Every structure is written in structure tokens, then in C-alpha cells.
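Residue-level structural notes
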Amino acid sequence: MTQAFSELSLAEPLARAIAEMGFSAMTPIQAQAIPVVLQGRDVMGAAQTGTGKTAAFSLPLLQRMLKHENASTSPARHPVRALVLLPTRELADQVAQQIALYAKHTQLRSTVVFGGMDMKPQTAELKKGVEILVATPGRLLDHIEAKNCVLNQVEYVVLDEADRMLDIGFLPDLQRILSYLPKTRTTLLFSATFSPEIKRLAGSYLQDPVTIEVARSNATASTIEQRFFRVDEDDKRQALKQLLREKGVKQAFVFLNSKLGCARMARALERDGLNAVALHGDKSQDERLKALDAFKKGEVDLLICTDVAARGLDIKDVPAVFNLDIPFNAEDYVHRIGRTGRAGASGIAISFVTGRDVKQLAEIEKLIGKKAEVESLLLESDQRRFGGAPARQNDGQRLWSDPQARAEVRSERPTRVRAPRASSDPFFDQPYQPALASDAKPEWEGKAQPARGLSPFIKSKRKVAALFRPAAAPAPASAAESSTEAAS
DNA sequence: AAAAAAC
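Residues numbered from 1 in each chain as written. Chains lettered and ligands numbered in written order. Predicted model: local features only at pLDDT ≥ 70, side-chain atom pairs only at ≥ 80, totals over all residues. Heavy atoms only, no water.

Under the convention used in this document: UniProt positions are given in the numbering used here, feature names are shortened, and annotations may be inferred rather than shown by experiment.
If you look chain A up in an unreviewed UniProt entry, it shows as DEAD-box ATP-dependent RNA helicase RhpA from Malikia granosa. Listed in UniProt under the heading Catalytic activity (unreviewed entry), the comment for chain A reads: "ATP + H2O = ADP + phosphate + H(+)". One UniProt comment on chain A, placed under Sequence similarities (unreviewed entry), says "Belongs to the DEAD box helicase family."

What to know about the UniProt feature "domain: Helicase C-terminal" (unreviewed entry) in chain A
Going by this rule: Starting at the N terminus, helices and strands are each numbered in turn, a helix being any DSSP run of H or I of at least four residues and a strand any DSSP run of E of at least two.
UniProt feature "domain: Helicase C-terminal" (unreviewed entry): in the numbering of this structure it lies at residues 223–385. Each end of residues 223–385 is marked by a C-alpha atom, and these two atoms are 37 Å apart; helix forms 39% of the span and strand 20%.

With respect to the protein's contact with DNA strand B
Threshold: Residues are counted as near a molecule or strand when any one of their heavy atoms sits within 4 Å of it. Contacts described as polar in this section are N or O atom pairs within 3.5 Å, which, within protein, must combine one atom able to donate a hydrogen with one able to accept it, while residues neighboring in sequence count only if both atoms come from side chains. Asp, Glu, Lys and Arg are counted as charged, while Ala, Val, Leu, Ile, Met, Phe, Trp, Tyr, Cys and Pro are counted as nonpolar; the rest, among them Gly, fall into the polar class.
Lining the immediate surroundings of DNA strand B are 22 residues, of which Arg139, Lys259, Gly281, Arg288 and Phe328 lie closest. Among the atoms of DNA strand B lying within 4 Å of the protein, the sugar-phosphate backbone contributes 69%. Residue Thr306 places a side-chain N or O atom 3.1 Å away from a phosphate oxygen belonging to DNA strand B. Element by element, the count of residues in the surface near DNA strand B is highest for helix H6 (residues 137–145), at 3 residues. Taken together, the residues that form the surface near DNA strand B break down as 4 nonpolar, 12 polar and 6 charged.

Describing the sheet that holds strand E10 (residues 276–279)
This is how the line gets drawn: Here a strand pair is declared whenever DSSP counts at least two bridges between the two strands. To get an axis, a line is fitted to the C-alpha atoms, and for a helix only the part in contact is used. The angle between two axes follows their N-to-C directions and goes from 0 to 180 degrees.
The 7 strands lie next to each other as E10-E11-E9-E12-E13-E8-E14, forming an open sheet whose pairing is parallel. The open sheet has two free edges, formed respectively by E10 and strand E14 (374–376), since each of these has just one partner strand. Each strand axis lies, on average, 25° off the axis of its neighbour in the sheet, ignoring direction. With 4 bridges joining them, strand E9 (residues 252–255) and strand E12 (residues 320–323) adopt parallel strand pairing. Across the sheet, the residue bridging to Ala252 is Ala320, located in E12.

Focus on the packing of aromatic side chains
Quick reminder of the rule: Within 6.5 Å between ring centres, the rings of Phe, Tyr and Trp (the latter by its six-membered ring) count as paired, and their orientation is classed by plane angle as stacked under 30 degrees, edge-to-face over 60, tilted in between. Exposure categories follow from relative accessible area, calculated using a 1.4 Å probe and restricted to protein chains: below 20% of the type maximum is buried, above 50% is exposed, and the middle band is partly exposed.
Scanning all chains against the criterion turns up 5 aromatic pairs. Judged by centre distance (6.0 Å) and plane angle (25°), the rings of Phe228 and Tyr333 are stacked. On the criterion of sequence distance, the pair formed by Phe228 in strand E8 (residues 224–230) and Tyr333 in helix H13 (residues 330–337) is long-range, its members being 105 residues apart. Note on accessibility: Phe228 and Tyr333 belong to one class, buried. Between Phe322 and Phe352 the ring centres are 6.4 Å apart and the planes differ by 70°, which places this aromatic pair in the edge-to-face class.

Some remarks on helix H10 (residues 236–247)
Three- or four-residue spacings in an α-helix give side chains the same orientation, since the helix completes a turn every 3.6 residues. For clarity, the threshold we go by: By this rule the span expected of a helix is its residue count minus one, scaled by 1.5 Å.
For H10, with 12 residues, the first-to-last C-alpha span of 16 Å sits near the 16 Å given by 1.5 Å per residue. Taken together, the buried positions of H10 are Lys236, Ala239, Leu240, Gln242, Leu243 and Leu244. Count one or two residues on from H10 and you reach Gly248, which has phi positive near 65°.

Quick word on the environment of Leu256
For Leu256, the position within the fold is in the loop between E9 and helix H11 (259–271). Note: C-alpha distance between Leu256 and Thr49 (207 residues apart in sequence) is 20 Å.

So, the pairing of strand E2 (residues 82–85)
Burial of E2 is two-sided: the residues Ala82 and Val84 facing one way and the residues Leu83 and Leu85 facing the other way are all buried. The pairing of E2 with strand E4 (residues 132–135) spans 4 bridges and is classified as parallel. Counterpart to Leu85 in the pairing with E4 is Ala135. Bridge count for E2 against strand E5 (residues 156–160) is 4 bridges, and the pairing is parallel. By the bridge assignment, Ala82 is partnered in E5 with Tyr156.

Structure representation (C-alpha cells):
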């Protein structure tokens, strides 16, 4: 049933490049999408992470460009015929490199433009003429407006990570770029995640599209083992180090939700003697590329990153992904863990869950269609306090399943001074007692803004609003509690 | 509670 690239009768230069890269069998998304793109149809393609989507669109696109030569093949005039757009600079770089490899034996030329780098070398490349242009949106608009490239002869547009490209942060730039392109063209959208809303929106950019879904949209790759551990915010670094040791993991992506958090975590881990480097949008592009390169080469063990690295990055044989924070979007969870378990390899994805992540975890469960079983984790520091011998049970994976032992150890732990929580922690805490009855009217209703002159502890208007908002029903808390108890 | 993408 699996088909070989050789059955496609691709042009010789492409077939040769594929063979040199050691590819023979097509993945399901490739087997399904390539013939359709070869027909010149618009495509919306969904397939799990790490299953070769880049080849699925670039190979047929190159083939068509070779077969349907533009009239103007004189070296003097090379209009951009294919445009590939991506949401991060590193991903643009990676995809451009891959396309260059596929096109190696053809006359087709390609280049990549993205921000954070000098405009001049990019401009020079564009002026020489390229048929295939890979880009991030902002820098491409710069080049368009500087008239460094002309896009009025573009025949093919690819939005890779299409759901991200169509989200609200990118949409204005994207629409402006599309306004420079001919109306008659082939448009290809690819991603591992498509929400129903994005699917609908995407439809308006496509003409009579063929939808290709290998497995259900938003599905996680079956090659990834997913684990969830209940870990306090302050214990995350210790828990990470412990799990790296227990699982025998050397190299891993470590995701956090904020740039500052990444910088701090990377520094702290380095102080602890680990080989970690941060990757996030506050670093210079030079640092970003260097960090990624070092990680790729295996010179760095831990890549401490924001969602800048969540999508698309294809690094061979990274065995593990850690989510030190649960991502804001459930989709990003799917992409993050997709950095491991690629091309049929196996991988483990470990996510740390705190009390405030419960709602987001439910979103993730809904999206991936799988129950997230949250396990307890006995920290080594707690084991020592508990009396020398490790209280570890079974294979060390389900470390601590006795609730009573858990309570005892907790009482042994140093008391930390913490700000009171705004909402309940269904894992450990007392149920939340709302300060106001749910039907209470804000006492300032109809009066002037209360923001000034309140308690000095209330700093933002937002927090004030939260105080006066009717309390949420406490029902989900007890449900979450009973299910995690059952799990542990 | 954020990040990404242009200077």
C-alpha cells in the first residue's frame, strides 16, 4: 500500500535529488497530496507533525514549475513563480534549505528572506532573480515596498503552518501580501492543526479546494508518549532535572510560555551545570540561529524556548519535549510535542501541570481527543526529607500514588510564603470561597470608576474588575479532583 | 497569564 516516489514519474533532476537524500517510500500525506498538487488543484492538507508536509508541497510544486516553463526563461528575467510563507524566521530558513536541496539539480533558483538580518544581501539575491521565494510576512512586505521583488507573476502560494498564518496576529500582513499576487493562482495550505473556524476562513482563500486529512485534524503523532505531572511552580526546575535523569534523556526541547521565563530558566540550568541555551524572540537573530544550530549539532542538550520553536522545526532524533508551562493554545501543545517522535522515531512529551492549568489542560484533552492522566511526582528533595530510602514505587514512573504519604511529605516540606491564590487549586487546596455572593452587584455600579484609592495591593484595573465579577461555579474543580484521584 | 512577525 505504501507508495514509492519512483512511481510518481517526477522529472529526473527531482528524482535524483530525492534518491540522494535517501527517500524512497512516501508518507501518507505525501502519497495523497502530491498527485493532487500535480493536477494544479488548491489544497488544504492536514497531517500529524513529523510526517513530511514540506516535501508534500514542494516536490509537486517544483515538478509543475519544471513542466510548465514560463515563456521568459532567459536569464535576464526570472519572476517569482512560487511563494512560500511561514510564521517564524527559523522555520523559513529550514524550509528554504530543504527546497534548495530538492531543487539542487534543476535550473530553478530559490532564496529566503526574513527579519532580523541585513536587508542588503537579501536584496542582492532577489535582484539576481529567483523562481521560488521563501519568506516571513513582515520582511517580505519590506522587500515588496522597496520594490526589491515583483510578485505579479506568482503562480503558487504556500501557507505552511496555515492556521497560524491565518490567525489574527498575521492576517493583516498576509492579506496585504496576497493583494500583490495575481488572482489566478494555486494556493496550498498545510498544517497539523486546523480549527473549524480556521477551516472556514481558509476556504475563502482557496478555489475549489481538495481537502486532504491524514488522520483526524489536530491528532498527535502515535509515536509520541504523552505524560503529565503535577508540579508546583517553584519545583519545576528540580523536577525537570530529575526526570531527565530518570528517563535517561540527554537532549530535549524545553518549552516555557514567556521569554523572560526562558532566559531565567536557561541561566539557572547553566548554573546547575547543565548544557542549556535559550531561544526566544528577545534574542538577536544571530544568537537565535546560533542557538538552534548548536542544538541541531548536539552541542547543546537543552533548548529552552518559547513558542517561537513550537512549530515545524525538524531536528533529528530529539527524544523528548518538556512543557514546563502548559501552552496558552491547545493547538500549540500539539505542535510543541511534535518536535519529538518525528519520521517514525519514538519520543516522549512530558508536561508539568499546576493548579491554574486545569482549564487549559481540559482544552488540550478536547483537542487531541485523549484523556490527560495527571500523575504525582515525588521530588528527590522530598524523598530525602521523608527518611533516606526513596519512597518510590514501581518503576519510578508512577512515583507516588498513596495520597496519605503524599500529605505527610507535604507537611515535611519547608513552608513557602506565597501570594494567596485567586482561584482554587483543585489538586490540593481547599475549595475556593467567593468573597461575594454570585448575585452581588458591584458596589460601584452606576458610580465613578473605583480604580483609584483602593487597597494598595490592588494594582491593576483588571484585578479590580476580577474582584467584582460574580464568582464562577466551583463545579469543575470537584470533577477534576475526583478524576485525578482516580488516576493516582 | 504570551509569542510571533518589520524597521
